[in-house]
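So you can see what is in the structure, the chains are spelled out below.
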Amino acid sequence: VDVRGQVTIVSINRPHARNACDVETVQTLHDVFHAFEDDDDQRIGVLTGVGGAFCAGADLRELSTGASIGFSWAGENKGVTRRRLSKPVIAAVEGHAVAAGLALAVWCDMRVASETAVFGVFCRRFGGPMPNGCTVRLPRIVGEGRALDMLMTGRAVDATEAKLIGLADRLVPAGQALEAAVGLAEQMASFPQLAMLSDRASTIAQWDYTEAEAIDREIEGAKPAFEEQFQSGASRFV
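Everything in this summary refers to the structure shown in the same document. Everything numeric in this text was worked out from a predicted model, so none of it was measured.

What counts and how
Residues numbered from 1 in each chain as written. Predicted model: local features only at pLDDT ≥ 70, side-chain atom pairs only at ≥ 80, totals over all residues. Heavy atoms only, no water. Core = buried A, V, L, I, M, F, W, Y, C linked by side-chain atoms within 4.5 Å. Buried < 20%, exposed > 50% of the residue type's maximum accessible area, 1.4 Å probe, protein only. Helix = DSSP H or I, 4+ residues; strand = E, 2+ residues; numbered from the N terminus. Contact = heavy atoms within 4.5 Å. Pairing = 2+ DSSP bridges. Salt bridge = Lys/Arg side-chain N within 4 Å of Asp/Glu carboxyl O.

Membership of the largest hydrophobic core comes to 46 residues, with the highest contact counts inside it found for Phe33, Leu47, Phe119, Leu138 and Leu167. Elements with a contribution of two residues or more to this core: strand 2 (7–12), helix 1 (23–38), strand 4 (89–93), helix 3 (100–107), helix 4 (134–142), helix 5 (144–153) and helix 6 (159–165). Here this core takes seven residues from helix 3, the largest share from any one element. The residues contacting leucine 167, other than those within four sequence positions of it, are Leu102, Val106, Arg111, Phe119, Leu138, Ile141, Val142, Met150 and Ala162.

Given below as structure tokens:
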């Protein structure tokens, strides 16, 4: 964990396994991100992996022993992808973001991908399901048809295609994903937070409501920003 001003950078550090995560690592990610969420001085999170890979999913060596059978990355036992945080998190993706690593990427609000990035449901090849939030979040990002294509075939999606289908929000040269993500995070951290966070919360929650109900919630959630920050911001603009 590295802190730069109001940005918290979390790096998965298991390069010998392309940052595939054992259960201990997943639960540590849960604890680290909840500590970030509870820290009033920190505004934006960045998730990345060291050594040229984002995350290759679950550690298959651990899984093959039966030690992690039944554990869910989106489960209630410190599953890191169980719920979205109340603060934004940006994924900085170099190399593979596959299987549960793809789930981590789509758990984040945005994805900055380098030209080396590869996304995919590679666990399809080994009979692995995706109990990690990916089957819910991926279609909301790329659409049902594209999500089913990825989920059912397990094929690799390179960085260029990921940008075309909306899976990657920014495409940068190799080796520059982290710095680009941190730069984006610093820009977001510099904004007045109430309005950004209320718009974010409404966007995430609106799937659960009818259009009219979602708009009512959008209006209600925006009131603190109007009352506490927007009038002074408008005055500065004028």
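From this point, the discussion proceeds with the structure in view.
Considering the arrangement of structural elements, one finds serine 68 in the loop between helix 2 (60–64) and strand 4. For serine 68, a relative accessible area of 10% translates into the label buried. Setting aside residues up to four positions removed in sequence, serine 68 forms contacts with Val23, Glu62 and Leu63.

What follows deals with the pairing of strand 6 (residues 110–114). Along strand 6, five of the five residues are buried, which leaves the element largely enclosed by surrounding structure. With burial as the criterion, each face of strand 6 is covered, one bearing Met110, Val112 and Ser114 and the other bearing Arg111 and Ala113. Bridge count for strand 4 against strand 6 is four bridges, and the pairing is parallel. Note on strand 6: the bridge partner recorded for alanine 92 is valine 112. Pairing geometry for strand 6 and strand 9 (residues 170–172), over three bridges, is parallel. Within strand 9, the residue paired with serine 114 across the bridge is valine 172.

With that out of the way, let us pick up the pattern of salt bridges. Should their charged atoms come close, side chains of opposite charge can pair. Applying the stated criterion across every chain, the model contains 13 salt bridges. Between aspartate 59 and arginine 14 there is a salt bridge, with the nearest N and O atoms lying 3.0 Å from each other. Here aspartate 59, found in the loop between strand 3 (44–49) and helix 2, pairs with arginine 14, found in the loop between strand 2 and helix 1; they are 45 residues apart in sequence, far enough to count as distant. For the pair aspartate 59 and arginine 14, one class covers both residues: buried. The network of salt bridges with shared partners includes Asp2, Arg4 and Glu179.

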